[in-house]
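Chain by chain, the residues run as shown.
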Amino acid sequence: MLTATKVYDIEACHVGVDEIEDILTSSQQGVCRAILAPEAAALLLKNHNFKNRGLKKHQKQFLQAQIETGKFIYNGETIIVGDNGQILNGQHRLTACVASGIAIEVLMVFGISEAAFVTLDQGARRAGADVLAIEGHKNCNVLAGTLRQIHNYYKGAIGKSQASGPAGKELRGDNSFTLELFERYRGAEASVAAMKGIRITQPSVACALHYLFTQVDAGQAQEFCGVVMNGYKLGTSYSVIGEAAGMLREWLVQAATGSKKTFPWVVANVWIKAWNAGRDGTLPKLLSWKDGIEAPLIIK
């Protein structure tokens, strides 16, 4: 029976090449909280990594960036070495450790049966939406996408699938970066609530644009996005910004029902073009977008 007296806080110890060689040559088994030196990680990869899956470059680059920016922290996830001396889990962390040249703190487990290899890494990866849900937020899938699209706008890539992180392009999701974006763009949650249920266009793009327009003029943003979502209401008079939104709604309906796919970044650019036309009072006869044109900026 597990009792409190059998649960211990394992003290982290420095593990270098000599310690790794001693553990493996003496066939030791057990758990070690290790501050693993890059040289020791290199030894494991060189001599004990012959039966693993192929290295995923994007995963290695992501982890290396986490280490180099100080975001890689001890979280209890294990590097596992089998009873045959082979690495069963953790090659990407080891490779990133070597590439960064920085020691990492990890939990290492030695002596696990080689047969256990096929049972590892079968769980679902936690996404940015999951982290937001844990924090108590609502509509988290759309909220996570909205935060990325807001950030994409400032990077000149709204409508694209991936945002650029602190160290450049993110090659995969960074959950801590999602939380950073939430702190930076706190009004995004209100925009997601305001645009909830929109189907005429990609929700994350629509919510991101609602947020961005709100930063310019909250009243105009409410009128513009309300018309895009619901169309004109009988007996209501609209300003030029509302007329521009009506033109956009017609364009979105045609784009959604047409036989040719309209990419999200094209949709986003047309949204901004319509908003700008309403802001400066120069409505075009027809909304359109052509490839090769520089993406527009939102008129302040």
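The rules we used
- Residues numbered from 1 in each chain as written.
- Predicted model: local features only at pLDDT ≥ 70, side-chain atom pairs only at ≥ 80, totals over all residues.
- Heavy atoms only, no water.
- Helix = DSSP H or I, 4+ residues; strand = E, 2+ residues; numbered from the N terminus.
- Buried < 20%, exposed > 50% of the residue type's maximum accessible area, 1.4 Å probe, protein only.
- Lys, Arg positive; Asp, Glu negative; His and termini not counted.
- Salt bridge = Lys/Arg side-chain N within 4 Å of Asp/Glu carboxyl O.
- Contact = heavy atoms within 4.5 Å.
- Patch = residues over 30% accessible without salt bridge, like charges linked within 9 Å, V, L, I, M, F, W, Y side chains within 5 Å.
- Areas by Shrake-Rupley, 256 points an atom, 1.4 Å probe, with all protein chains shown as cover.
- Charge placed at Lys NZ, Arg CZ, Asp CG, Glu CD.
- Expected span 1.5 Å × (residues − 1).
- Axes fitted to C-alpha atoms, helices over the stretch in contact; angles between N-to-C directions.
- Parallel < 35°, antiparallel > 145°, perpendicular 65-115°, else oblique.
- Left-handed = near helix turned anticlockwise from the far one by under 90°.
- Nonpolar A, V, L, I, M, F, W, Y, C, P; charged D, E, K, R; others polar.
- Pairing = 2+ DSSP bridges.
- Core = buried A, V, L, I, M, F, W, Y, C linked by side-chain atoms within 4.5 Å.

A.B. asks: Would you take a moment to explain the side chain of R93 for this structure?
C.D. replies: Position of R93 among the secondary structure elements: in helix α4 (residues 91-100). As a buried residue without a salt bridge, R93 has its nearest oppositely charged side chain in E77, at a separation of 4.6 Å. Residues contacting R93, with those up to four places away along its chain left out, are L63, F72, E77, T78, I79 and I104.

A.B. asks: How should a negative patch on the surface be read in this particular structure?
C.D. replies: Taken together, D18, E19, E21 and D22 make up a surface patch of like negative charges. Structurally, E21 is set in helix α1 (residues 17-25). Assessed through its relative accessible area of 37%, E21 is described here as partly exposed.

A.B. asks: Could you clarify how one ought to interpret the environment of A12 in this entry?
C.D. replies: Structurally, A12 can be placed in the segment before β1 (13-15). For A12 and R33, which are 21 residues apart along the polypeptide, the C-alpha to C-alpha distance reads 4.8 Å. Those residues in contact with A12 that sit more than four places away from it in its chain are R33, I35 and E105.

A.B. asks: I would appreciate a short explanation of helix α11 (residues 240-257) in the present structure.
C.D. replies: Each α-helix turn comprises 3.6 residues. Residues three or four places apart therefore point the same way. Helix length check: α11, at 18 residues, gives a terminal C-alpha distance of 26 Å against a target of 26 Å (1.5 Å per residue), a fit within 8%. Those residues of α11 not exposed but buried are I241, G242, A244, A245, G246, L248, W251, L252 and A255. On the buried face of α11, the contacting elements are α10 (218-230) and α12 (264-280).

A.B. asks: Mind showing me how you'd approach the packing of helix α6 (residues 140-154) against helix α9 (residues 203-216) here?
C.D. replies: Pairs of packed helices are described in terms of their axes, by the angle between the two and the distance that separates them. For the pair α6 and α9, the least separation of the axes is 8 Å and the interaxial angle reads 60°. In terms of orientation, α6 lies oblique with respect to α9. The way α6 lies across α9 gives a crossing that is right-handed. Counting all contacts with α6, which are made through V142, G145, T146, Q149, I150, Y153 and Y154, the residues of α9 involved are P203, S204, V205, C207, A208, Y211 and L212. Looking at the contact of α6 with α9, its residues break down into 10 nonpolar, four polar and no charged.

A.B. asks: In this structure, what is going on with the sheet that holds strand β3 (residues 78-82)? I would like to understand it.
C.D. replies: Two modes of strand pairing occur in sheets, parallel and antiparallel, and in both the strands are linked by backbone hydrogen bonds. Judged by pairing direction, the sheet is mixed, and its five strands sit side by side in the order β1-β2-β5-β3-β4 without closing on themselves. The outermost strands of the open sheet, each flanked by one partner alone, are β1 and β4 (87-89). Going across the sheet, the axis of each strand differs from the next one's by a mean of 45°, ignoring polarity. Inspection of the sheet shows strand β2 (residues 30-36) paired to strand β5 (residues 104-112) by seven bridges, in the antiparallel sense. Of the residues in β5, the one forming a bridge with L36 is I104.

A.B. asks: I'm lost on the nonpolar core in this one. Help?
C.D. replies: Across soluble globular proteins, you tend to see nonpolar side chains buried next to one another. Residues F213, F224, L248, W251 and W271 are the most contacted members of the largest nonpolar core, which totals 49 residues. Those residues in contact with F224 that sit more than four places away from it in its chain are F213, I241, A244, A245, L248, W271, A274 and W275. Counting 24 residues, the second-largest nonpolar core is a separate cluster that includes I20, L63, I87 and F110.

A.B. asks: Sorry if this is basic, but what is going on with the pattern of salt bridges here?
C.D. replies: Side chains that differ in sign of charge can pair as their charged atoms come close. Counted according to the given criterion, the structure contains four salt bridges. Of the charged contacts, one joins E180 and K71 as a salt bridge, the two residues approaching to 3.1 Å between their closest N and O atoms. One end of the pair, E180, is in helix α7 (residues 175-184); the other, K71, is in the loop between α3 (57-68) and β3, with 109 residues separating them in the sequence. In this structure E180 comes out as partly exposed when scored by relative accessible area, which is 30%. When its relative accessible area of 24% is taken as the criterion, K71 is described as partly exposed. With a shortest N-O distance of 2.9 Å, E183 and R186 are connected by a salt bridge.

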